[in-house]
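Structural overview for review
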Amino acid sequence: MAKNGSRKSVMRFITYRNAGNSWFVMKICLHFVMSQISKSKYFGPTTRASKRTAKTTTVTPAKKLGVELKENASKTKVPKIKKVSSGTAKTKLKWEPDKWEMQLENIRKMREMKDAPVDTMGCERCTQDGYTEKEKRYHILTSLMLSSQTKDHVTHGAMDKLLNHGLTVDKIVGISDKKLGELIYPVGFWKRKVEYIKKTASILKEHYDCDIPSTVETLVKLPGVGPKMAYLTMTCAWDKVVGIGVDVHVHRISNRLGWVKKKTKEPEQTRQGLEDWLPREYWKEVNWLLVGFGQQVCLPVSPKCEFCLNNQICPASTAKSKKK
Ligand code: SF4
């Protein structure tokens with residue numbers, strides 16, 4: 001339609017201007033025809049509506065491109081998000097030693113016989129029937145005070161003598177230092193322990209109705225009671241596991257097995273290091289396991305690595321290097 005209309009207009013214009021300058025008219029006509037032809041090369045839609053559609057159609061790929069770009073952008077962002085949320089923080093929070101579960105299981109197997117000194121002479125066993133619960137708690141605290149720097153059988157012997165004498169707060173308040181010394185000798189640092197036990201008995205009588213304190217914070221205020229004793233007292237006497245009792249065995253073995261992030265010098269540092277990663281359900285067991293293991297296999301000097309089930313997965317193993 002557009003082409004026919006253009007041709008008629010040209011013919012009309014040529015007829016009207018026939019008498020004029022024919023060359024000029026021809027030139028104008030030629031220019032007009034060429035412009036019409038060049039317009040007719042636009043094969044796209046001509047109506048406004050179709051132009052709008054065309055516009056939309058033309059934009060669509062751009063939109064698609066936009067989506068693709070967005071998709072691509074989101075694809076590029078995904079690894080970053082993953083990287084941030086994947087575990088960097090988790091790893092930091094969840095540090096735990098390599099193969100600790102296998103090492104713990106091996107120690108359980110080695111402790112199956114339950115024939116280490118701690119199994120028959122531990123603080124829980126240093127009491128007798130016929131005493132009240134309050135008095136039994138006092139026995140546990142006293143045996144822990146005696147056990148510091150002392151072998152289990154020596155502590156056990158001293159506790160036997162004290163129990164036969166009568167071990168209550170009242171009796172200890174009334175006993176002479178000399179007599180108490182005779183009963184507890186030869187535990188390590190027995191003279192200082194006489195002093196601590198007497199002072200503690202007076203405090204318990206005065207402030208705790210002859211019972212023992214029920215928190216770590218109050219227990220460590222008693223003379224001669226440190227964190228290790230306090231945590232073990234909470235576990236053994238009050239049946240509350242509020243921390244890991246770390247003695248020399250637990251401290252030594254934890255360092256040998258690499259159960260602390262960095263080597264520790266003090267048992268208190270080891271306790272904090274262990275509590276950072278060791279699940280709470282093992283806190284009570286780990287003391288009993290490692291103390292007996294330290295008494296029988298992982299000795300302070302010349303550990304029996306050749307008999308240890310952990311000798312291939314323990315960083316301190318002497319048997320591993322021999323096998324290589
Ligand atoms: S391999 Fe040796 S150092 Fe290691 S846990 Fe066993 S006994 Fe102790």
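Residues numbered from 1 in each chain as written. Predicted model: local features only at pLDDT ≥ 70, side-chain atom pairs only at ≥ 80, totals over all residues.

1. What to know about the overall build of the protein
Operational definition: Each helix is a run of H or I in the DSSP string that is no shorter than four residues. Each strand is a run of E no shorter than two, and both are numbered from the N terminus. Partly exposed residues are those falling between the two cut-offs: more than 12 but fewer than 20 other C-beta atoms within 10 Å of their own, whereas 20 or more means buried and 12 or fewer means exposed, with C-beta atoms placed from the backbone. Whether two residues are in contact is decided by their C-beta atoms, placed from the backbone, lying within 7 Å.
From N to C terminus, the protein includes 16 helices and 0 strands. Relative to its 324 residues, the protein shows a buried fraction of 28%. Restricting the contact set of the protein to residue pairs at least 6 apart, pairs at least 24 apart contribute 58%.

2. Things to note about the site of the ligand
Test applied: In this analysis a residue is considered near a molecule or strand if the C-beta atom, reconstructed from its backbone, is found within 6 Å of that molecule or strand. The residue classification treats Ala, Val, Leu, Ile, Met, Phe, Trp, Tyr, Cys and Pro as nonpolar and Asp, Glu, Lys and Arg as charged. All others, Gly included, are polar.
Surrounding the ligand, one finds 13 residues, the nearest of these being Cys298, Cys305, Cys308, Cys314 and Ser317. Across the shell around the ligand, the residue classes tally to 8 nonpolar, 3 polar and 2 charged.

3. With respect to the packing of helix 6 (residues 133–147) against helix 7 (residues 152–165)
Put simply, the rule is: What counts as an axis is a line fitted to C-alpha atoms, over the stretch in contact for a helix, and the angles between N-to-C directions run from 0 to 180 degrees. Should an angle lie under 35 degrees it is considered roughly parallel, over 145 roughly antiparallel, and from 65 to 115 roughly perpendicular; all remaining angles are considered oblique. In this scheme, a crossing is called left-handed if the near helix is turned counterclockwise away from the far one by less than a right angle; it is called right-handed if the turn is clockwise.
In the contact formed by helix 6 and helix 7, the axes pass within 9 Å of each other and the chain directions differ by 140°. The orientation of helix 6 relative to helix 7 falls into the category oblique. In this structure, helix 6 meets helix 7 at a crossing whose hand is right-handed. For the pair helix 6 and helix 7, the contacting residues are Thr142, Ser143, Leu146 and Ser147 in the first and Thr155, Ala158, Met159 and Leu162 in the second.

4. Section: the confidence of the model for the protein
To keep it simple, the criterion reads: Residue-level confidence of the predictor, termed pLDDT, takes values from 0 up to 100.
Scored by pLDDT, the protein comes out at a mean of 80, with 70% of its residues at no less than 70. A low-confidence stretch, residues 37–87 (pLDDT under 50), is modelled with 7 contacts involving residues beyond four sequence positions or located in other chains.

5. As for helix 10 (residues 190–207)
Heads up, the rule is: The span one expects for a helix is its residue count, reduced by one, times 1.5 Å. The arc refers to the directions leading from the helix axis to the C-beta atoms.
Here helix 10 is 18 residues long and its end C-alpha atoms lie 25 Å apart, about the 26 Å a rise of 1.5 Å per residue gives. If you check which residues of helix 10 are buried, you get Lys193, Val194, Ile197, Thr200, Ala201 and Leu204. Taken end-on, helix 10 shows its buried residues confined to a sector of 140°, consistent with a single buried face. Away from its buried face, by an angle of more than 90 degrees, helix 10 presents the exposed residues Lys191, Arg192, Glu206 and His207. Those residues of helix 10 hidden inside the fold are in contact with helix 6, helix 8 (169–174) and helix 9 (177–184). At the C-terminal side of helix 10, aspartate 209 shows a positive phi close to 50°.

6. Brief notes about the environment of leucine 180
Tracing the sequence through the fold places leucine 180 in helix 9. Given 21 C-beta atoms within a 10 Å radius, leucine 180 is considered buried. In this structure, the C-alpha to C-alpha distance between leucine 180 and lysine 198, residues 18 residues apart in sequence, is 8.7 Å. Aside from chain neighbours lying at most four places away, what touches leucine 180 is Ile175, Val194, Ile197 and Lys198.

7. Some points on the nonpolar core
What counts here: Take the buried Ala, Val, Leu, Ile, Met, Phe, Trp, Tyr and Cys residues, join any whose C-beta atoms are within 7 Å, and the set you get is a nonpolar core. Residue ranges assigned to each domain were obtained from an automatic or database domain assignment.
Ile140, Leu141, Leu144, Met145, Ala158, Ile184 and Leu290 are the most contacted members of the largest nonpolar core, which has 54 residues in total. Counting contributing residues, this core receives three or more from each of domain 2 (100–112 + 248–323) and domain 3 (129–236). If near-sequence neighbours (up to four positions away) are discounted, methionine 145 is found in contact with Lys193, Tyr196, Ile197, Gly224, Val225 and Met229.

8. A closer look at the packing of helix 6 against helix 10
In contact at an axis separation of 10 Å, helix 6 and helix 10 are set at 155° when each is read in the N-to-C sense. The orientation of helix 6 with respect to helix 10, classified from their angle, is roughly antiparallel. As helix 6 runs across helix 10, the sense of the crossing is right-handed. Side by side, helix 6 and helix 10 meet where Thr142, Met145 and Leu146 of the first sit next to Lys193, Tyr196 and Ile197 of the second. Class assignment for the residues of the contact of helix 6 with helix 10 results in 4 nonpolar, 1 polar and 1 charged.

9. Thoughts on unusual backbone geometry
Looking along the chain, the bond that leaves tyrosine 185 and enters proline 186 is cis, with omega of 10°. Position of proline 186 relative to the elements: it lies in the loop between helix 9 and helix 10. Even without being a glycine, lysine 99 presents a positive backbone phi close to 60°. Within the secondary structure, lysine 99 sits in the loop between helix 3 (48–93) and helix 4 (100–110).

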